[in-house]
Structures are given as structure tokens and as C-alpha cells.
Amino acid sequence: AAGVIQSPRHLIKEKRETATLKCYPIPRHDTVYWYQQGPGQDPQFLISFYEKMQSDKGSIPDRFSAQQFSDYHSELNMSSLELGDSALYFCASSTYIDRGDKNIQYFGAGTRLSVL
Amino acid sequence: LAKTTQPISMDSYEGQEVNITCSHNNIATNDYITWYQQFPSQGPRFIIQGYKTKVTNEVASLFIPADRKSSTLSLPRVSLSDTAVYYCLVGDPGPSSYKLIFGSGTRLLVRP
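Residues numbered from 1 in each chain as written. Chains lettered and ligands numbered in written order. Predicted model: local features only at pLDDT ≥ 70, side-chain atom pairs only at ≥ 80, totals over all residues. Heavy atoms only, no water.

1. Thoughts on the packing of aromatic side chains
The condition is simple: Within 6.5 Å between ring centres, the rings of Phe, Tyr and Trp (the latter by its six-membered ring) count as paired, and their orientation is classed by plane angle as stacked under 30 degrees, edge-to-face over 60, tilted in between. Strands here are runs of E lasting at least two residues and helices are runs of H or I lasting at least four, both read from the DSSP assignment and numbered beginning at the N terminus. Any residue under 20% of the maximum accessible area for its type is buried, any over 50% is exposed, and the rest in between are partly exposed; the area is computed with a 1.4 Å probe on protein chains only.
Taken as a whole and judged by the stated rule, the model has eleven aromatic pairs over all chains. Taking 6.5 Å as the distance between ring centres and 80° as the angle between the ring planes, the aromatic pair formed by Phe90(A) and Phe107(A) counts as edge-to-face. On the criterion of sequence distance, the pair formed by Phe90(A) in strand E9 (residues 87-94) and Phe107(A) in strand E10 (residues 106-107) is long-range, its members being 17 residues apart. Both residues of the pair, Phe90(A) and Phe107(A), belong to the buried class. Centroid distance Tyr87(B) to Phe102(B): 5.1 Å. Interplanar angle 80°. Geometry classified as edge-to-face. Placement of the pair is Tyr87(B) in strand E8 (residues 84-91) and Phe102(B) in the loop between E8 and strand E9 (106-111), with a sequence separation of 15 residues. Judged by its relative accessible area of 2%, Tyr87(B) is buried.

So, in C-alpha cells, the structure goes:
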């Protein structure tokens, strides 16, 4: 079965550079979520989109922005990168039906961002 | 959102049954209890969800007492590949729920 696809899997950037992470949800999933997981930490919710509209916002820095496109894929844009942004970034997706019943989210393998 | 408390870590041996208990004293009436599993450098994976009593699937069982202030994830006959972090989440899975709040999970180490 198709899963959530994230690209790139690994990304190395310098401080103050920008980065773009991409997420392709499971086909027919209409909601995407972004999470950040620092080294040795638990996943932290950043932002989510339902039908291309922002649906919820967590502890996402102002330097970060995201959007969901007409084909439901999503991109997380990160500017003025800091050393503390080094983390695993996960994207998850779900359907309205899943959310209304169990709120099960399906996670991708993540993008490991290293800021040097 | 109800706060959850789990043991930081647990050790077990292959073939044993593992029970991980999660406390959620402030659980609300509409809240469900959901468990996710996370392997190193991978995204969390849904294991099981329940509201009350007992739920069982091909992977695990979830026991929830009548007062719902705690729950126990039971993994039968664990193997080395069950070594992972297990997260207990409590929340209302309604249509307006757009995020998962992860607390500190339980690191399970399965030894040969």
C-alpha cells in the first residue's frame, strides 16, 4: 500500500540558509500534518492543513511557513536556519473519515535536517 | 488535552508479555486513548485505540478500566523487533482534531 512520501530524506544546510521539505500524502488523504522531533525528544506538532487550508498551528517558528497544494502535497519552508533547527521532520496524513472516527495519522519516514 | 504519564523505560526478554501502563487522570468524556510505536529514525506508527474495556487487534491489546484514568498496552510474546518507543496519547478524535500531542513515551528494550 502507498505510504506518505517525504523528500529529501536527508538535508544538510548552513546557518542562515533556507530549506524546503516536501510531503506527499497517501492518495485520497486530504489532511497533512508536520511534526518536529529533536534529538532525544518526542515529536512536536508544528502545523496542519485540511483541504489546502491551515487547520491548526502548534509551536512553529515564524521563520517557518508551510502550505498544501491542489494535489494535496505539502511543503515546509524554513528560512534563516539555526543550529537548533537540526531535527527529524515528519509529515503525516489522514482522511476526514479517519479524523472523525479514530484520528489515526499515518507518518512518513521523515527528513533529517542537519544545520551546520 | 489530558496529560499522560508513562514509565520512561522498560526491559523485557523475547517471548515475554509486556504491559505498559499509562496514567491519564484528567481524561475527558470524549477522549479516546491511542497508542503509537516509534522505531529509531522512523515516523510513529498507530498501534491501537480504545475508549473503554478491552480492545484487541493483531498487534496488541488495550485494557481500560471503568474509571478510564489509566490504560495498559499489552504486547504478547515480544520479539527483538518490538524494541521501540511507545507513546500513549489521549484526546478527542473528532473532526476538529488536527494534531497529536506526544508526551514522553516508554522506551522498551527487548533482550535476547
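2. Thoughts on the pattern of salt bridges
Residue and element names in this part refer to chain A. Put simply, the test is: Here, a salt bridge means any Lys or Arg side-chain nitrogen found within 4 Å of an Asp or Glu carboxyl oxygen.
Following the criterion strictly, the structure yields six salt bridges over all chains and no others. Its salt-bridge partner being Glu75, residue Lys22 comes within 4.0 Å of it at the nearest N-O pair. Separated by 53 residues along the polypeptide, Lys22 in strand E3 (residues 19-24) and Glu75 in strand E8 (residues 74-78) bring together distant segments of the chain. Taking relative accessible area as the criterion, Lys22 reaches 31% and is therefore assigned partly exposed. For Glu75, a relative accessible area of 14% translates into the label buried.

3. Quick notes on the interface of chain A and chain B
In plain terms, the rule: We call two residues contacting when some pair of their heavy atoms lies within 4.5 Å. Summed over both partners, the accessible surface that disappears when two parts come together, traced with a 1.4 Å probe, is what is meant by buried area.
Each partner contributes residues to the interface: chain A has 27 residues there, and chain B has 20 residues. In total, about 2,000 Å² of surface goes out of reach between chain A and chain B, with carbon and sulfur atoms giving 51% of it. Our count for the chain A to chain B interface comes out at one salt bridge. Mapped by element, the contributors of at least two residues to the side of chain A that touches chain B are strand E4 (31-37), strand E5 (44-50), strand E6 (53-57), E9 and helix H1 (96-101) of chain A.

4. Comments concerning the state of the cysteines
Residue and element names in this part refer to chain B. The condition is simple: The criterion for a disulfide is a pair of cysteine sulfur atoms lying within 2.5 Å.
For the structure on display, the rule yields two disulfides over all chains. What pairs with Cys22 in a disulfide is Cys88, and their sulfur atoms sit 2.2 Å apart. A torsion of -80° about the S-S bond marks the disulfide between Cys22 and Cys88 as left-handed. Of this pair, Cys22 sits in strand E2 (residues 18-23) while Cys88 is found in strand E8, placing the two residues 66 residues apart along the sequence. The class of Cys22 is buried, set by a relative accessible area of 0%. For Cys88, a relative accessible area of 1% translates into the label buried.

5. What to know about the environment of Ala84(B)
Residues and elements named next belong to chain B. Among the secondary structure elements, Ala84 is positioned in strand E8. In this structure Ala84 comes out as buried when scored by relative accessible area, which is 6%. Counting along the chain gives 45 residues from Ala84 to Phe39, while the straight-line C-alpha distance between them is 4.8 Å. Every residue in contact with Ala84, bar those within four places of it in the chain, is listed here: Gln37, Gln38, Phe39, Thr106, Arg107 and Leu108.

6. Notes on the environment of Phe63(B)
Residue and element names in this part refer to chain B. Here Phe63 is to be found in strand E6 (residues 61-64). In the structure, Phe63 is positioned twelve residues away from Tyr51 in sequence and 9.5 Å away in space, judged by C-alpha atoms. Those residues within four positions of Phe63 in sequence are excluded, and the remaining contacts are Thr53, Lys54, Ser71, Thr72 and Ser74.

7. Structural notes on the sheet that holds E9(B)
Residue and element names in this part refer to chain B. Heads up, the condition is: Here, any two strands with at least 2 DSSP bridges between them count as paired. For helices, the axis comes from a line fit to the C-alpha atoms of the stretch in contact; other axes are also lines fit to C-alpha atoms, and the angle between any two N-to-C directions lies between 0 and 180 degrees.
Taken in spatial order, the five strands of this open sheet run E1-E9-E8-E3-E4, and their pairing is mixed. Each having just a single partner strand, strand E1 (9-13) and strand E4 (45-50) make up the two edges of the open sheet. For this sheet, the mean inter-axis angle between neighbouring strands, taken without regard to orientation, is 25°. Across three bridges, E8 lies against E9 in antiparallel orientation. Each bridged residue has a counterpart across the sheet, and for Val85 the counterpart in E9 is Arg107.

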